[in-house]
Amino acid sequence: MERDEKGRYTMTIEELKIRQLTNQHLIEPTDKITVLHDLCGVQAQFMTNAMHSLKIRCFDFQEDTVKEGLVKNWTVRGTVHVFAEDDLPLFIHCNNGLDYLRNDWHGYTFWNQRDKWALTPKRQAFFVDVILEALKNSELTREELKDVCRQKGMTEPEEGSMFDQWGGGIREMCERGFINYVVQEKKAFCLSPAFTPIPEREAKLEMARRYFTHMGPSTIHDAMYYFHATAAQVKDWLSRLPVSSAECEGRTYYYIDNNQTYNQGIPKCLFLAGFDQLLLAHEKKEGLFLSQKNMRAIFNLAGIVMPALMINGEVVGKWKKKNEKLLFTMFKTVTRQEKNFVTDFACSLWNDIKSINFDE
């Protein structure tokens, strides 16, 4: 870093990229739990994406043991994440602990004020007990829980409320600390281990500390985007955290020093996961790795964030692996040498690749 004419620290784009990549463990991998703590979990609409996010950041990734010590639930931005079990108090606030394991649904909630909500407080409490009793014996899929509830008299409209595709009563059970999703692709549920919720204000400050330490340097807009927060909320966190700042191309970037060294170069090749934290941690119109002209190819209009191929710090295409075939859809022409090291890197990630194609 250098100082400008006003005495402010400045960074180049390359310096920012190296810091963001290093802080997210994409240059030097670390252990699984550290990754999940630092990145506030990994987004998990699709389990294959979550597992790949860990695979490219962890030195201890093992297919048969990776899920040990992990849970899956609604967290940052109201989306489903996989995170470390000991972070349950950080993400599941339970109304500052007042609603923890409380099976009383009287009063206004986001869900029961909806026009098609069919569960009375009494009926919702009844089916919560039914679901908890069923889960005492084993993990159950969404469809299996529906069958259990139907056998206890649940009507079709009640089922639509409890098992609403966007969460419904099941999500409310997750948010009150009763249950978690099973860490797998197929939707299934399990009882949550006991924990003690911490106040939401305290929890969000800790998440912000992790964010500016391990996903920064970031702008205020970046943090607003990542947390779905207001500028006032982000500025409040910054006022209570030991942040430093640097200027780059007219923007102010904030970060927390973690005694990390940044003397390594940008990796030649990275296979980012779908919904990868490197892209989600920063406002997509201001991100450093993906050009605006290719944004919709990665962030599509259906809300899906595609797996991205990055060469020398630039997203140059997207990738898709199906069985033993790997297909790249390129946004720019790449050299034969670049194709060779991308191919070599792919074979180091997967040992079953038999076909690699570049669609230019």
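Because the structure is a prediction, the values reported are computed rather than measured.

Conventions used here
- Residues numbered from 1 in each chain as written.
- Predicted model: local features only at pLDDT ≥ 70, side-chain atom pairs only at ≥ 80, totals over all residues.
- Heavy atoms only, no water.
- Pairing = 2+ DSSP bridges.
- Helix = DSSP H or I, 4+ residues; strand = E, 2+ residues; numbered from the N terminus.
- Axes fitted to C-alpha atoms, helices over the stretch in contact; angles between N-to-C directions.
- Buried < 20%, exposed > 50% of the residue type's maximum accessible area, 1.4 Å probe, protein only.
- Polar contact = N/O pair within 3.5 Å; in protein donor to acceptor, adjacent residues only side chain to side chain.
- Contact = heavy atoms within 4.5 Å.
- Expected span 1.5 Å × (residues − 1).
- 1 Å grid on protein atoms, 1.4 Å probe; cavity = no way out; pocket = protein on both sides within 12 Å on 5 of 7 lines; lining within 4 Å.
- Points joined across faces, edges and corners; volume = space filled by probe spheres on them.
- Nonpolar A, V, L, I, M, F, W, Y, C, P; charged D, E, K, R; others polar.

*Asks:* Which parts of the structure should I look at to understand the sheet that holds strand S13 (residues 314-322)?
*Replies:* In sheet architecture, strand pairing relies on hydrogen bonds along the backbone and comes in two forms, parallel and antiparallel. Read across the sheet, five strands follow the order S11-S12-S13-S14-S15 without closing on themselves; strand pairing throughout is mixed. At either margin of the open sheet sits one strand with a lone partner, and together these are strand S11 (269-271) and strand S15 (355-359). When strand polarity is set aside, the average angle formed by the axes of neighbouring strands in this sheet is 25 degrees. Note: strand S14 (residues 325-330) against S15, five bridges, orientation parallel.

*Asks:* Would you mind going over the side chain of Asn 23 with me for this structure?
*Replies:* When you line up the elements, Asn 23 lands in helix H1 (residues 13-23). Residue Asn 23 is classed as buried on the basis of its relative accessible area of 4%. Only 2.9 Å separates the side chain of Asn 23 from the backbone oxygen of Gly 216, close enough to count as a polar contact. Among residues more than four places away in sequence, those in contact with Asn 23 are Thr 213, His 214, Met 215, Gly 216, Pro 217, Asn 258, Gln 260 and Tyr 262.

*Asks:* Is there a simple way to think about the pairing of strand S5 (residues 80-84) in this case?
*Replies:* Put simply, side chains in a regular strand alternate between the two faces of the sheet. Burial analysis of S5 places five of its five residues in the buried class, the great majority of the element. By the bridge criterion, five bridges tie strand S4 (residues 70-74) to S5 in an arrangement that is antiparallel. Paired with Leu 70 across the bridge in S5 is Ala 84.

*Asks:* So what exactly am I meant to see when it comes to helix H14 (residues 336-349) here?
*Replies:* Along an α-helix, residues three or four positions apart point the same way, because every turn accommodates 3.6 residues. In a regular helix each residue adds 1.5 Å, so 14 residues correspond to 20 Å; H14 covers 20 Å between its end C-alpha atoms and thus fits that length. Buried residues in H14 make contact with helix H3 (47-55), S11, strand S12 (308-311), S14 and S15.

*Asks:* How do you make sense of empty space enclosed by the protein when you look at a structure like this?
*Replies:* Vacant regions in the atomic arrangement are exposed by a probe of water-molecule size rolled over the atoms. Going through the model one piece at a time under the given rule, you end up with two cavities of 30 Å³ or more. Approximately 90 Å³ is the volume found for the largest cavity. Lining the largest cavity are Gln 20, Leu 278, Leu 279, His 282, Glu 283, Lys 284, Gly 287, Leu 288, Phe 289, Leu 290 and Phe 299. Its residues assigned to classes, the lining of the largest cavity comprises six nonpolar, three polar and two charged. Looking at the second largest cavity, its volume works out to about 40 Å³. In terms of lining residues, the second largest cavity is bounded by Arg 19, Asn 23, Phe 212, Thr 213, Gly 216, Pro 217, Tyr 255, Ile 256, Asp 257 and Tyr 262.

*Asks:* Just checking my understanding: could you explain the layout of surface pockets for this structure?
*Replies:* Taken as a whole, the largest pocket holds about 790 Å³ of empty space. In terms of lining residues, the largest pocket is bounded by 28 residues, among which Thr 75, His 93, Arg 171, Glu 175 and Glu 200 are the most central. Of all elements in the fold, only helix H8 (168-175), helix H9 (200-214) and helix H11 (231-239) reach the threshold of two or more residues within the lining of the largest pocket. Taken together, the residues that form the lining of the largest pocket break down as 13 nonpolar, seven polar and eight charged. Approximately 600 Å³ is the volume found for the second largest pocket. Lining the second largest pocket are 26 residues, and of these Thr 48, Asn 49, His 52, Trp 319 and Lys 321 sit closest to its centre. The element that contributes the greatest number of residues to the lining of the second largest pocket is H3, accounting for six residues.

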